[in-house]
Amino acid sequence: MLIDLTGRAALVTGASSGLGAHFAEVLAKAGAHVAIAARRTDRLEALAARLADAGRTVTVIEMDVADRASIAAAIERAEDALGRIDILVNNAGVTRTKPALDYDEEDFDEIVDVNLRGAFLVAQRVARAMQGSGGGSIVNIASILGLRQAGQVASYAISKAGVIQMTKVQALEWARHGIRVNAIAPGYVDTELNADFWESDAGKALVKRIPQRRLGRLEDLDGALLLLASELSAYMTGSVITVDGGHLVSTL
Ligand SMILES: NC(=O)c1ccc[n+]([C@@H]2O[C@H](COP(=O)([O-])OP(=O)(O)OC[C@H]3O[C@@H](n4cnc5c(N)ncnc54)[C@H](OP(=O)(O)O)[C@@H]3O)[C@@H](O)[C@H]2O)c1
């Protein structure tokens, strides 16, 4: 492993599936002590058991990022288990597919509460801890839908645009505390978030519009994750790294 995170402590939210489970595994394999958080603790336990077989110790934490009290309790547990938090991967997210004209308040609130308000509260709580322990690295997981738009995902795109601006604001305010805040904006990766879509005609047509003509794979995100989590990015804060096979530069 090129990047050694031995002795570093990381918290990954939304670690019960998809990107988050993968991020936790990558950080653990790079040597970090990792706490994995989500609502479905059975899945977290399964991931912890799998990583234990590979000789890695991870700590399972129940956390609902839509609930401020749950966030506070969960991060306290993570601090107890890890000693401190050096790296936060702020990854929990949800989506919903619906025309914007058909939205009701719940459609909007559910997505924004998890993806934006939840991400803000998690980062804020962790940053308060990092402030007292000499700093750290926060990696917010945005999306190319925060930078460009697509139909039927209004609240998701709005929430992810918010995550990108949130990253820059946090980077500005927290640099003085030694806290770096950057974002990864992934293109489309086949996970439970969007699995049904790739079988549809619209999904197949979308893949043809990606310059590299394929969906992202989980491991395509490893370089950006390890760069931002480690001291290799010591002079980076407020950056947004897109990992999308060229999707954002697709031809008009
Ligand atoms: N897949 C893509 O193509 C893609 C592209 C760009 C960005 N992203 C972003 O990457 C992140 C992970 O997405 P994914 O594709 O891996 O989706 P996923 O497989 O559906 O995983 C989402 C994760 O978020 C957690 N989560 C959802 N609501 C939560 C809540 N209220 N409290 C705590 N955890 C919650 C889920 O855990 P529980 O349900 O167990 O709580 C799960 O672990 C998201 O922020 C997503 O927007 C994904």
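Keep in mind it's a predicted model, so treat the numbers as computed, not measured. (Residues numbered from 1 in each chain as written. Predicted model: local features only at pLDDT ≥ 70, side-chain atom pairs only at ≥ 80, totals over all residues. Heavy atoms only, no water.)

Visitor: Could you clarify how one ought to interpret the environment of leucine 2 in this entry?
Guide: Of note, leucine 2 is situated in the segment before β1 (9-13). Leucine 2 sits in the exposed class, given a relative accessible area of 86%. Distance in space between the C-alpha atoms of leucine 2 and alanine 185 is 23 Å, their sequence separation being 183 residues. (Helix = DSSP H or I, 4+ residues; strand = E, 2+ residues; numbered from the N terminus. Buried < 20%, exposed > 50% of the residue type's maximum accessible area, 1.4 Å probe, protein only.)

Visitor: Teacher, can you tell me more about the sheet that holds β1 here?
Guide: Two pairing modes exist for strands in a sheet, parallel and antiparallel, and in both the strands are linked by backbone hydrogen bonds. The strand order across the open sheet built from 7 strands is β3-β2-β1-β4-β5-β6-β7, with neighbouring strands paired in parallel fashion. In this open sheet, the two edge strands, each paired with only one partner strand, are β3 (58-62) and β7 (240-243). Pairwise comparison of adjacent strand axes, ignoring direction, gives a mean angle of 20° for this sheet. Where strand β6 (residues 179-186) and β7 come together, 4 bridges link them in parallel fashion. Considered in β7, the bridge of alanine 185 is made with threonine 242. This element, helix α4 (residues 105-132), spans β1, β4 (87-90), β5 (136-141) and β6 of the sheet and lies at about 175° to β4. Of the strands in this sheet, β4, β5, β6 and β7 touch helix α7 (residues 222-229), which is tilted by about 175° from β6. (Pairing = 2+ DSSP bridges. Axes fitted to C-alpha atoms, helices over the stretch in contact; angles between N-to-C directions. Contact = heavy atoms within 4.5 Å.)

Visitor: Can you walk me through the side chain of serine 233 in this structure?
Guide: Mapped onto the elements, serine 233 comes out in the loop between α7 and β7. On the basis of relative accessible area, serine 233 is assigned to the buried category, the value being 1%. Excluding its chain neighbours within four sequence positions, the residues that come into contact with serine 233 are Arg180, Leu227 and Leu228.

Visitor: Would you explain the pairing of β5 in this entry?
Guide: Moving residue by residue along a regular strand, the side chains alternate between the two faces of the sheet. Counting buried positions over the 6 residues of β5 gives 6, a clear majority of the element. Side chains of β5 alternate between two faces, with Gly136, Ile138 and Asn140 and Ser137, Val139 and Ile141 buried alike. Relative to β5, β4 runs parallel, the two being bridged by 4 bridges. By the bridge assignment for β5, leucine 88 is matched with isoleucine 138. One ladder, built from 6 bridges, connects β5 with β6; its direction is parallel. Paired with serine 137 across the strands is arginine 180, a residue of β6. Regarding topology, helix α5 (residues 154-174) serves as the crossover connection from β5 to the parallel β6, and that connection is right-handed. (Right-handed = clockwise from strand over helix to strand, strands pointing away.)

Visitor: Help me understand the site of the ligand, please; the structure alone is not making it clear to me.
Guide: Near the ligand, the surroundings consist of 31 residues, among which Ser16, Arg39, Tyr156, Val189 and Thr191 are the closest. Asparagine 91 has a polar backbone atom sitting 2.8 Å from an oxygen atom of the ligand. At 2.7 Å from an oxygen atom of the ligand is found a main-chain nitrogen or oxygen belonging to valine 189. A total of 880 Å² of accessible area belongs to the ligand in isolation, and the protein chains cover 96% of it. Elements represented by at least two residues in the shell around the ligand include exactly α1 (18-29) and α5. Residue classes in the shell around the ligand are distributed as 16 nonpolar, 10 polar and 5 charged. (Near = heavy atom within 4 Å. Polar contact = N/O pair within 3.5 Å; in protein donor to acceptor, adjacent residues only side chain to side chain. Areas by Shrake-Rupley, 256 points an atom, 1.4 Å probe, with all protein chains shown as cover. Nonpolar A, V, L, I, M, F, W, Y, C, P; charged D, E, K, R; others polar.)

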